[in-house]
Amino acid sequence: MSDTSSSIVTAWSEVKALVEAAETDVVKNASGNSAAGVRARRALRLLKGKAGDLVKLTISEEKSRK
């Protein structure tokens, strides 16, 4: 596995971990816990950034293959 492929897998693992970490707060917020909603939104903003980084990484990898 190349370095870039390895970094893609690592970035994907980070995204999955963020989703799993945010899940608890999303469920708590759905039950009416306002503080959990703040934490969930913060986690989702972070997730959005990490997902964008992953997209850019995969695009650059695909371009370098051609």
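Up top you'll find the structure we're talking about.
Residues numbered from 1 in each chain as written. Predicted model: local features only at pLDDT ≥ 70, side-chain atom pairs only at ≥ 80, totals over all residues. Heavy atoms only, no water.

In terms of nonpolar packing, the biggest core is built from six residues, these being Ile8, Ala11, Val15, Leu18, Leu47 and Leu54. Of all the elements, helix 1 (residues 3–30) adds the most residues to this core, at four residues. What Ala11 contacts, discounting residues up to four positions off in sequence, is Leu54 and Leu57. (Core = buried A, V, L, I, M, F, W, Y, C linked by side-chain atoms within 4.5 Å. Buried < 20%, exposed > 50% of the residue type's maximum accessible area, 1.4 Å probe, protein only. Helix = DSSP H or I, 4+ residues; strand = E, 2+ residues; numbered from the N terminus. Contact = heavy atoms within 4.5 Å.)

Enumeration according to the criterion identifies three salt bridges in this entry. Salt-bridge contacts for Lys50 lead to Glu14; the nearest nitrogen and oxygen are separated by 3.5 Å. Placement of Lys50 in helix 2 (residues 34–65) and of Glu14 in helix 1 is noted, with a sequence separation of 36 residues between them. For the salt bridge of Glu61 with Arg65, the shortest nitrogen-to-oxygen distance reads 3.2 Å. Taken together, the positions of Glu61 and Arg65, both in helix 2 and four residues apart, correspond to about one turn of that helix. (Salt bridge = Lys/Arg side-chain N within 4 Å of Asp/Glu carboxyl O.)

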